[in-house]
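Fold and geometry: a report
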Amino acid sequence: MYGFEALTFNIHGGYLEAIVRGYRSGLLTASDYNNLCQCETLEDIKMHLSATEYGPYLQNEPSPLYTTTIVEKCTLKLVDEYKHMLTQATEPLSTFLEYITYGHMIDNVVLIVTGTLHERDVQELLEKCHPLGMFDSIATLAVAQNMRELYRLVLVDTPLAPYFSECITSEDLDDMNIEIMRNTLYKAYLEDFYRFCQKLGGATAEIMSDILAFEADRRAVNITINSIGTELTRDDRRKLYSNFGLLYPYGHEELAVCEDIDQVRSSMEKYPPYHSIFSKLSYGESQVLDKAFYEEEVKRLCLAFEQQFHYGVFFAYMRLKEQEIRNLMWISECVAQNQKSRVHDSVVFIF
Amino acid sequence: MVGSSSSWSAALVHISPYTFAAIGIAISIGVSVLGAAWGIYITGSSLIGAAVKAPRITSKNLISVIFCEAVAIYGVIVAIILQTKLESVPSSKIYDPESLRAGYAIFASGIIVGFANLVCGLCVGIIGSSCALSDAQNSSLFVKILVIEIFGSALGLFGVIVGIIMSAQATWPSKG
């Protein structure tokens with residue numbers, strides 16, 4: 001029942017909620033980002049980061065520092081924190097925490113399958129996979145030739161198995177199919193996560209519904225924009241939209257028939273929460289759109305911390321940390337390539 | 001006697017007043033301790049988790065635990081006071097109106113104290129949990145949230161006062 005979580009939440013979740021709030025206080029602030037943006041070299045970045053929570057992870061790195069190393073070590077911190085929480089969690093929090101990583105699993109599966117299609121080495125691909133989305137038989141993905149084999153050999157034992165019912169075909173895998181597969185899997189995952197949160201009820205359902213609805217709408221807009229001008233039919237496009245969220249169902253009808261970005265913009269401007277995002281967009285720019293979506297997402301995730309006694313804080317923390325790692329990657333790349341004027345193009349401040 | 005000899009009200013007045021008094025005493029201590037324990041675990045689990053990142057909060061935030069504990073102490077005190085009110089009366093007078101009144105007064109006093117302390121303990125516990133988490137992020141918030149806790153713990157005190165007043169006039173009929 002919504003409103004009475006305070007009576008029983010702390011039995012199983014109190015300690016971990018306090019832990020995750022402690023982690024949140026370690027996120028980089030605007031002043032940290034300002035310092036990082038002033039850096040001239042990657043060594044400066046490493047020095048500034050060693051004064052923050054990332055210190056122990058970066059201090060032993062040898063001198064020729066690469067951006068990928070920085071990002072890898074920062075991701076390692078996220079993985080350590082996640083595992084610390086997962087080992088101490090009981091049901092249903094442990095299932096909730098596992099759900100958070102299924103998105104990464106889907107990305108890893110698609111990465112390996114695409115890489116194998118382009119004849120890359122499996123070991124090299126495995127190193128590029130996101131550590132949160134690893135599962136045991138992931139290396140066997142390189143063997144599969146079509147989706148049915150993919151499912152039968154590897155994915156049936158993973159948590160992604162129920163998401164495959166909509167996309168098993170016997171066609172051979174190619175770039176287009178893989179993208180469609182990725183989006184179909186992600187759609188099934190979002191809907192499953194949404195249903196799970198609804199089942200949990202109370203404050204978790206309320207807060208997670210809002211965050212997941214925004215995610216579903218954002219993906220709908222991105223799918224629409226990315227499939228403009230490709231051979232994806234309108235029906236196929238409609239099948240990739242999730243069946244919840246602010247845009248469901250009427251927004252999806254409008255998005256399905258859009259043929260260019262201005263039509264997307266005019267259909268989105270009818271929805272007040274997205275109006276502000278799209279009004280920042282001048283004609284034809286999609287990088288600004290990405291940043292605008294990230295800013296809106298960060299705003300909603302920060303709001304999840306305003307309430308106590310629900311699981312939304314765990315999801316929000318993981319997402320905010322990923323955003324921080326994206327910021328660090330962008331700053332490191334700008335510094336490494338000497339393009340510091342473009343640093344503020346894509347950094348989203350969290351605090 | 002109220003009612004006819006086989007109605008529910010007749011059954012109620014034939015329950016010994018000592019039963020009611022004893023149940024009242026049990027509720028006063030039992031439910032108070034339930035409230036205190038509930039509050040302490042709500043505060044304690046958040047406090048331990050928050051102290052991992054910010055160890056400085058532990059000593060100050062024990063105040064929240066102490067406020068919850070006070071609620072249990074109120075229950076003990078009232079239970080002891082109530083049990084001193086129990087006197088034996090000759091068996092001819094057990095069902096006198098005077099006796100019934102004394103028994104019911106002790107029962108009511110126990111319920112008042114027990115349930116007031118239950119909700120007080122819960123209230124202080126939930127506020128204490130938020131207090132620990134906020135203090136870990138920003139130490140200037142501690143004193144302000146403590147004021148809310150103080151108001152919350154006054155609820156238990158109200159219950160104790162009313163309970164003691166109730167039980168003060170629980171006089172059993174004199175012997176003879």
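For clarity, every value in this text was computed on a predicted model and none was experimentally measured.

Residue and element names in this part refer to chain A. Grouped together as the largest cluster of nonpolar side chains are 93 residues, with contacts concentrated most on Phe96, Phe193 and Phe314. Beyond its immediate stretch of four places on either side in the chain, Phe314 contacts Leu16, Glu17, Val20, Met85, Leu93, Phe96, Leu97 and Ile100. Listed in part, the 22 residues of the second largest apolar core include Ile223, Tyr241, Cys258 and Phe278.

What follows deals with the interface of chain A and chain B. Taken together, the contacts link 17 residues of chain A with 16 residues of chain B. Taken together, both faces of the contact between chain A and chain B bury some 1,300 Å²; the carbon and sulfur share is 59%. Broken down residue by residue, the surface that chain A buries against chain B is led by Leu7(A), Asn10(A) and Gln308(A), which jointly contribute 36%. Where chain A touches chain B, the interface holds 1 salt bridge. Measuring nitrogen to oxygen at the nearest pair gives 3.7 Å for the salt bridge that ties Lys53(B) to Glu53(A). Along the lines of polarity and charge, the residues of the side of chain A that touches chain B split into 7 nonpolar, 7 polar and 3 charged.

With that settled, the discussion passes to the packing of aromatic side chains. Residue and element names in this part refer to chain A. Overall, the coordinates contain 24 aromatic pairs over all chains when judged by the stated rule. The interplanar angle of 50 degrees and the centroid separation of 5.5 Å between the aromatic rings of Phe9 and Tyr311 together place this pair among those described as tilted. A residue pair is termed long-range when its members are at least 10 positions apart, and Phe9 in helix H1 (residues 5-24) and Tyr311 in the loop between helix H15 (287-304) and helix H16 (312-336) qualify at 302 residues. On the basis of relative accessible area, Tyr311 is assigned to the buried category, the value being 10%. Judged by centre distance (5.1 Å) and plane angle (10 degrees), the ring pair of Tyr99 and Phe193 falls under stacked. Separated by 94 residues along the polypeptide, Tyr99 in helix H6 (residues 93-117) and Phe193 in helix H9 (residues 175-200) bring together distant segments of the chain. One exposure class covers both Tyr99 and Phe193, and it is buried. A cation sits over an aromatic face here: Lys77 above Tyr54, 5.3 Å from the ring centre.

All names here are of chain B. Mapped onto the present numbering, the UniProt feature "transmembrane region" (unreviewed entry) falls on residues 20-41, 62-82, 102-129 and 141-166. Here residues 20-41 runs as 100% helix and 0% strand, with 31 Å between its end C-alpha atoms. Secondary structure across residues 141-166 comprises 100% helix and 0% strand; the distance between its end C-alpha atoms is 39 Å.

Moving on to the UniProt feature "domain: V-ATPase proteolipid subunit C-like" (unreviewed entry) in chain B. All names here are of chain B. In the numbering adopted here, UniProt assigns the feature "domain: V-ATPase proteolipid subunit C-like" (unreviewed entry) to residues 23-82 and 107-166. Secondary structure across residues 23-82 divides into 95% helix and 0% strand, with the first and last C-alpha atoms of the span separated by 11 Å. For residues 107-166, the end-to-end C-alpha separation is 10 Å, with 95% helix and 0% strand making up the annotated structure.

On to empty space enclosed by the protein, then. Residue and element names in this part refer to chain A. Counted by the stated rule, this structure contains 1 cavity of 30 Å³ or more. Taken together, Asn183, Lys187, Leu190, Ala216, Arg219, Ala220, Ile223, Leu240, Tyr241 and Ser242 make up the lining of the largest cavity. For the lining of the largest cavity, the element with the most residues is helix H10 (residues 202-227), which contributes 4 residues. Its residues placed into classes, the lining of the largest cavity shows 6 nonpolar, 2 polar and 2 charged.

A few words now on the environment of His12(A). All names here are of chain A. Considering the arrangement of structural elements, one finds His12 in helix H1. Look at His12 and you get exposed, because its relative accessible area is 51%. Between the alpha carbons of His12 and Pro92 there is a distance of 9.3 Å; along the sequence they are 80 residues apart.

The rules we used
- Residues numbered from 1 in each chain as written.
- Chains lettered and ligands numbered in written order.
- Predicted model: local features only at pLDDT ≥ 70, side-chain atom pairs only at ≥ 80, totals over all residues.
- Heavy atoms only, no water.
- Core = buried A, V, L, I, M, F, W, Y, C linked by side-chain atoms within 4.5 Å.
- Buried < 20%, exposed > 50% of the residue type's maximum accessible area, 1.4 Å probe, protein only.
- Contact = heavy atoms within 4.5 Å.
- Buried area = accessible area lost by both parts, 1.4 Å probe.
- Salt bridge = Lys/Arg side-chain N within 4 Å of Asp/Glu carboxyl O.
- Nonpolar A, V, L, I, M, F, W, Y, C, P; charged D, E, K, R; others polar.
- Phe/Tyr/Trp six-rings, centres within 6.5 Å; stacked < 30°, edge-to-face > 60°.
- Helix = DSSP H or I, 4+ residues; strand = E, 2+ residues; numbered from the N terminus.
- Lys NZ or Arg CZ within 6 Å of the ring centre and 35° of its normal.
- UniProt positions renumbered as here; feature names shortened; annotations may be inferred.
- 1 Å grid on protein atoms, 1.4 Å probe; cavity = no way out; pocket = protein on both sides within 12 Å on 5 of 7 lines; lining within 4 Å.
- Points joined across faces, edges and corners; volume = space filled by probe spheres on them.

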